[in-house]
Amino acid sequence: MGCFFSKKSKRKSSEKEERTPTTTTVETAGNAVPLGNNTDEEPKQYSWDKREKVDPKDYMLTGLKDVTVVRLPGKLNGQQFVIQECENCNIYVFDHSATITIDDCINCRIFLGPVKGSIFFRDCKDIKCVVACQQFRTRDCKKMEVFLCCATQPIIESSTGMKFACFQYYYPELAFHFKDAGLSIFNNNWSNIHDFTPVSGENNWSLLPEASPVLDFVPVPDPESEFKSVRISMEPSRSIVPLTKGGRRKDSEESCLFVFFSGEYTTANARKLIDEAATKGYVLVQTKEVSMRPEDVKRVFQGNADDLVEWITKGPVIALELNGDGVVEACKSIASEVFSGTKVFVSDNKNTSTRDVDNFFNFADMQMGL
């Protein structure tokens, strides 16, 4: 059973349809004179004629060595990007993109802003990176350390020495880039790795130590360089993506499910909860943002379903698992004191809270195909 708290409370655009002009005629002095074929008229301009020409070289880094390269916000703007045959380079992409492939790179430090589709590393070695994407894949790679935000299950294939940690990064445009790429900051499966080619008796991947700072792996561009306009922070507390414990062993047997129902400030409220819980010493294990149907509500929330069904029609819910001794009572206190005007669900007691957590996140994983 759980407890909950509440207080009741396109722009249209159109374009004129492009039409091929029809030819009409007017009879003058016995002669048929066609109209619409005046050779003095300007040629008709179509929308595809006005598009900015794309130079593939602007979306590719090839054969670089011992250099720092940056793509500033607005330079990719959703295009695909290719990095290949680079050695000992620092590469920063502060923009969103469609897909990114990285081939035959050695000893590079890489930051990649949100990618709507896949990031695919192939035949790379000694790579340290911070990346956010819908899909993450590696093939024939060796020794990579990855700070990852991935909406689906990350996949490695024929790869060894792979180490993973939770994405930690901030620059002012990053939240907008996540939105442009269609990614939720709360859907991060960074530690749920699938090894497509496991070897009996060996482990091709592991998790980095929990306190690993990003700065030890991927340095910040020189603040005195031409890239100083990008204000970067790698502090976990400032990260756009919440820092989660993921698949690491939990410190306590007591967890609490805390769910925010859709509203104007859902994301901000979830962040506030994370901060409030952290000051009390509780740990964020996992988060999910997912849509629910009435039948899902009944299955997940059971006895509390009737009061919650109307709220899932307003949009996706954001759920958090918080862990630590006494966390259930602490979350109930936070809910009543901080979120008294917000629709939330909180586990009612520690005897049922584990069931609450399992019910919700098992449902969310099935919904997302994990």
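Residues numbered from 1 in each chain as written. Predicted model: local features only at pLDDT ≥ 70, side-chain atom pairs only at ≥ 80, totals over all residues. Heavy atoms only, no water.

*Asks:* Let's hear about the overall build of the chain: which residues, and what values?
*Replies:* On a plain count of helices and strands, the chain comes out with seven helices and 19 strands. Buried residues in the chain amount to 45% of all 370 residues. Surface exposure of the chain reaches about 20000 Å², of which carbon and sulfur atoms provide 47%. (Helix = DSSP H or I, 4+ residues; strand = E, 2+ residues; numbered from the N terminus. Buried < 20%, exposed > 50% of the residue type's maximum accessible area, 1.4 Å probe, protein only. Areas by Shrake-Rupley, 256 points an atom, 1.4 Å probe, with all protein chains shown as cover.)

*Asks:* Please give an account of the pattern of salt bridges that cites residues and values.
*Replies:* Following the criterion strictly, the structure yields 15 salt bridges and no others. We note a salt bridge from Lys143 to Asp126, for which the minimum N-O separation is 3.9 Å. Of this pair, Lys143 sits in strand S11 (residues 142–150) while Asp126 sits in strand S10 (residues 125–139), placing them 17 residues apart in sequence. For Asp296, the salt bridge goes to Arg293, with nearest N and O atoms at 3.1 Å. Each member of the salt-bridge network shares a partner with another, and the members are Arg293, Glu295, Asp296 and Arg299. (Salt bridge = Lys/Arg side-chain N within 4 Å of Asp/Glu carboxyl O.)

*Asks:* Which residues make up the packing of aromatic side chains, and what values do they have?
*Replies:* A full pass over the atoms with the stated rule returns 17 aromatic pairs. Seen from their ring centres, Phe147 and Phe217 are 5.3 Å apart, and the 65° between their planes marks the pair as edge-to-face. A residue pair is termed long-range when its members are at least 10 positions apart, and Phe147 in strand S11 and Phe217 in the loop between strand S15 (205–207) and strand S16 (255–260) qualify at 70 residues. Classification of Phe217 as buried rests on a relative accessible area of 14%. (Phe/Tyr/Trp six-rings, centres within 6.5 Å; stacked < 30°, edge-to-face > 60°.)

*Asks:* Quick rundown of helix H6 (residues 327–338)? Include the residues and the values.
*Replies:* An ideal rise of 1.5 Å per residue puts 16 Å on 12 residues; H6 measures up with 16 Å between its terminal C-alpha atoms. Looking at H6, one finds that the buried residues are Val327, Val328, Ala330, Cys331, Lys332, Ile334 and Ala335. (Expected span 1.5 Å × (residues − 1).)

*Asks:* With reference to specific residues and values, describe helix H4 (residues 294–301).
*Replies:* Of all the residues in H4, the buried ones are Asp296, Val297, Val300 and Phe301. With its buried residues spanning 100° around the axis, H4 presents them on a single face. Gln302, located one to two residues past H4, shows a positive phi value of around 50°. (Arc of directions from axis to C-beta.)

*Asks:* Break down a negative patch on the surface for me, citing the residues and quoting the values.
*Replies:* Residues Glu85, Asp104, Asp123 and Asp140 make up a contiguous surface patch of negative charge. Along the chain, the position of Asp104 falls in the loop between strand S8 (100–103) and strand S9 (106–122). (Patch = residues over 30% accessible without salt bridge, like charges linked within 9 Å, V, L, I, M, F, W, Y side chains within 5 Å. Lys, Arg positive; Asp, Glu negative; His and termini not counted. Charge placed at Lys NZ, Arg CZ, Asp CG, Glu CD.)

*Asks:* With reference to specific residues and values, describe the pairing of strand S19 (residues 344–347).
*Replies:* Side chains of S19 alternate between two faces, with Val344 and Val346 and Phe345 and Ser347 buried alike. In the sheet, S16 pairs with S19 via three bridges, with the strands oriented antiparallel. Pairing of Phe258 across the sheet is with Val346, part of S19. (Pairing = 2+ DSSP bridges.)

*Asks:* Report on the nonpolar core, specifying residues and quantitative values.
*Replies:* Core analysis: the biggest nonpolar cluster contains 51 residues, and Phe94, Phe167, Tyr169, Phe178 and Phe258 have the highest contact counts within it. Among the elements of the structure, S10, S11, helix H2 (174–180), S16, helix H3 (266–279), strand S18 (317–323), H6 and S19 are those that each provide at least two residues to this core. When residues of this core are assigned to their parent elements, the largest contribution, six residues, is made by H6. If we ignore the near neighbours within four places in the chain, the residues touching Tyr169 are Tyr92, Phe94, Phe111, Val130, Leu174, Ile232, Ser233, Met234, Arg238, Ser239 and Ile240. (Core = buried A, V, L, I, M, F, W, Y, C linked by side-chain atoms within 4.5 Å. Contact = heavy atoms within 4.5 Å.)

*Asks:* Which residues make up the side chain of Asn90, and what values go with them?
*Replies:* By the element assignment, Asn90 lies in strand S7 (residues 90–93). Accessibility expressed as a relative area gives 15% for Asn90, which makes it buried. Those residues in contact with Asn90 that lie beyond four places of it in its chain are Val67, Thr68, Val69, Arg109 and Pro219.

*Asks:* Outline unusual backbone geometry, supporting the account with residue identities and numerical values.
*Replies:* Residues other than glycine seldom take positive phi values, yet Asp66 does so here, at roughly 60°. For Asp66, the location among the structural elements is in the loop between strand S4 (60–62) and strand S5 (68–71). The phi torsion at Asn107 lies on the positive side, around 50°, for a residue other than glycine.

*Asks:* Describe the environment of Cys166, naming the residues involved and giving the relevant values.
*Replies:* Within the secondary structure layout, Cys166 lies in strand S13 (residues 160–166). Through-space distance from the C-alpha of Cys166 to that of Gly246 is 7.9 Å; in sequence the pair is 80 residues apart. When near neighbours in sequence (up to four residues on either side) are disregarded, Cys166 contacts Phe147, Leu148, Asn188, Trp190, Pro242, Leu243 and Thr244.

*Asks:* Hey, could you go over the confidence of the model for the chain for me, with residue numbers and the actual values?
*Replies:* Confidence in the prediction of the chain, expressed as mean pLDDT, is 88, and 85% of residues score 70 or more. Considering only residues more than four positions removed or in separate chains, one finds that residues 6–37, a stretch of pLDDT under 50, has 25 contacts. (pLDDT = per-residue confidence, 0-100.)

*Asks:* A description of the environment of Arg109 should follow, citing residues and the corresponding values.
*Replies:* Note on placement: Arg109 falls in strand S9. We classify Arg109 as buried; its relative accessible area is 15%. For the pair formed by Arg109 and Asn88, sequence separation is 21 residues and the distance between their alpha carbons is 7.7 Å. Beyond its immediate chain neighbours, meaning those up to four positions away, Arg109 contacts Asn88, Cys89, Asn90, Ile91, Lys128, Phe217, Val218 and Pro219. A distance of 3.2 Å separates polar atoms of two side chains, one belonging to Arg109 and the other to Asn88. At 2.9 Å, the side chain of Arg109 and the backbone oxygen of Asn107 are in polar contact. (Polar contact = N/O pair within 3.5 Å; in protein donor to acceptor, adjacent residues only side chain to side chain.)

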